[in-house]
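# Geometric and topological summary
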Amino acid sequence: MIETHTPEVAVLLGETGRDYEIADELMRAGFSVYVCTSSQEVHALLRAGKNPVVLADAARATAFDSYPLTRLVYIPPEPGQAADKPQVDVQVLGADPNMELLPILRAMRRHLALARPRLSEPPPEAPTPALWLLSTPPRRLTSPEGRSLPLTLTEWQFVSHLFSERNRTLTFAQWQAVSAKDGERQLHNVAVLVSRLRRKAQRHGITLPLEAVRGVGYSFTQPCGDLAPGPRHAR
């Protein structure tokens, strides 16, 4: 009669999500179990003189092909296989005939039968960013928080050109080109215009996301919406 012995077990089945269920059942059955998160941890056990039975999926098991280890290799079901009839395939490699493997195989098959192949999930939808809105009539700039800033014609035209240059910069040359068509706007130095607009916004409890690009122009640094017929909120 061949005498069997109870081996130590290293569980490396992280992708199935069943490591701890298998480990718990085996520990209750009297096995010494190590739950490993990488092949490096199993190699550390080997360096420490351990000779565990390695439970791994096919991809991870290849890291131990050159070692005289008993490996129980989980072969996941085919993608098209019916989910209500899971066929759990566990290959036994390099088995020591004196090891008691049947309880380990039963635990693996029982818990891995509950694991479903991971299907690629669509990425979560990114939340829609809150937008700054420019509207007319009346001429207003509305912040994402709903604060409303009334604008003069010149201010409204300046902001509308900033909005049209989303993620880019409204250059001084571009502003001068459109300003030349309007004598009133020619009288406004753009730096003075921006300074007054900032102060006006602050009085309304609004911080404008206007960024000065030295020697180039100005950019609006937060998401903005299309021209709206009116503000979303009024305060």
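Above this note sits the structure.
Figured I'd write up the structure that's included with this text. (Residues numbered from 1 in each chain as written. Predicted model: local features only at pLDDT ≥ 70, side-chain atom pairs only at ≥ 80, totals over all residues. Heavy atoms only, no water.)

### Regarding the packing of aromatic side chains
Heads up, the condition is: When two rings of Phe, Tyr or Trp (its six-membered ring) have centres within 6.5 Å they constitute a pair, described as stacked for plane angles under 30 degrees, edge-to-face for angles over 60, and tilted for the intermediate range. Segments assigned H or I by DSSP are reported as helices when at least four residues long, segments assigned E as strands when at least two residues long, and all are numbered from the N terminus. The classification of residues rests on relative accessible area computed with a 1.4 Å probe and restricted to protein chains. Under 20% of the type maximum is buried, over 50% is exposed, and intermediate values are partly exposed.
Counted according to the given criterion, the structure contains four aromatic pairs. Note on W132 and F220: the rings are 5.6 Å apart at their centroids and 85 degrees apart in plane angle, and the pair reads as edge-to-face. Highlighted residues: W132 in the loop between α4 (102-112) and β6 (133-135) and F220 in strand β11 (residues 217-220), separated in sequence by 88 residues. The pair W132 / F220 is uniform in exposure class, with both members buried. Within the aromatic cluster, the residues linked to one another by ring pairs are W132, F163 and F220.

### What about the packing of helix α1 (residues 19-28) against α4?
What counts is decided by this rule: The angle between two axes is taken between their N-to-C directions and runs from 0 to 180 degrees, where each axis is a line fitted to C-alpha atoms and a helix contributes only its stretch in contact. Each crossing is labelled by how the near helix is turned from the far one, with a counterclockwise turn of less than a right angle marking it left-handed and a clockwise turn marking it right-handed. Residue contacts follow a heavy-atom distance rule, with two residues in contact if any of their heavy atoms lie within 4.5 Å. Charged residues are taken to be Asp, Glu, Lys and Arg, nonpolar residues to be Ala, Val, Leu, Ile, Met, Phe, Trp, Tyr, Cys and Pro, and polar residues to be all remaining types, Gly included.
It is the contact of α1 with α4, at a shortest axis distance of 9 Å, that shows an interaxial angle of 145 degrees. At the point where α1 passes α4, the crossing takes the right-handed sense. Each of E21, I22, E25 and L26 in α1 lies in contact with α4, whose residues at this interface are P103, I104, A107, M108, R110, H111 and L112. In the contact of α1 with α4, the residues fall into seven nonpolar, one polar and three charged.

### Quick notes on α4
In plain terms, the rule: Along the arc lie the directions from the helix axis toward the C-beta atoms.
Buried within α4 are the following residues: I104, L105, A107, M108, H111 and L112. Each buried residue of α4 lies within a common arc of 165 degrees when the element is viewed along its axis, so the set occupies one face. Contacts made by the buried residues of α4 are with β1 (8-12), α1, β3 (53-57), β4 (71-75) and β5 (89-93).

### Quick look at the packing of helix α5 (residues 153-164) against helix α8 (residues 190-203)
Applied cut-off: Any angle that is under 35 degrees is reported as roughly parallel, and any over 145 degrees as roughly antiparallel; angles of 65 to 115 degrees are reported as roughly perpendicular and all others as oblique.
Relative orientation of the contacting elements α5 and α8 amounts to 100 degrees, with a least axis distance of 11 Å. Between α5 and α8, the angle is such that the two are roughly perpendicular. From α5, T154, E155, F158 and V159 reach across to α8, where they touch V190, L193, V194, L197 and K200. Classifying every residue of the contact of α5 with α8 by side-chain character gives six nonpolar, one polar and two charged.

### Structural notes on the sheet that holds β4
Heads up, the condition is: Only strands that DSSP links by at least two bridges are regarded as paired with each other.
With mixed pairing, five strands are arranged side by side in an open sheet as β2-β1-β3-β4-β5. The open sheet is flanked by β2 (32-35) and β5, the only strands paired with a single partner. Going across the sheet, the axis of each strand differs from the next one's by a mean of 20 degrees, ignoring polarity. The pairing of β3 with β4 spans four bridges and is classified as parallel. Bridge assignment links L55 to a residue of β4, and that residue is L72.

### Considering the nonpolar core
Convention followed: For the purposes of this section, nonpolar cores are sets of buried Ala, Val, Leu, Ile, Met, Phe, Trp, Tyr and Cys residues that join through side-chain atoms within 4.5 Å.
Grouped together as the largest cluster of nonpolar side chains are 24 residues, with contacts concentrated most on W132, L141, L149, F158, F163, L197 and L208. Those elements that place two or more of their residues in this core are α5, α6 (172-179), α8 and β11. Of all hydrophobic cores here, the second largest spans 20 residues; its members include F31, L72, L105 and M108.

### Here's the deal with the sheet that holds β6
Spatially, the three strands line up as an open sheet ordered β6-β7-β8, and their pairing is antiparallel. Only two strands of the sheet have a single partner each, and these edge strands are β6 and β8 (148-150). Sheet twist, expressed as the average angle between the axes of neighbouring strands with direction ignored, equals 20 degrees. Of the pairings in the sheet, the one linking β6 to strand β7 (residues 140-142) comprises three bridges and is antiparallel in character.

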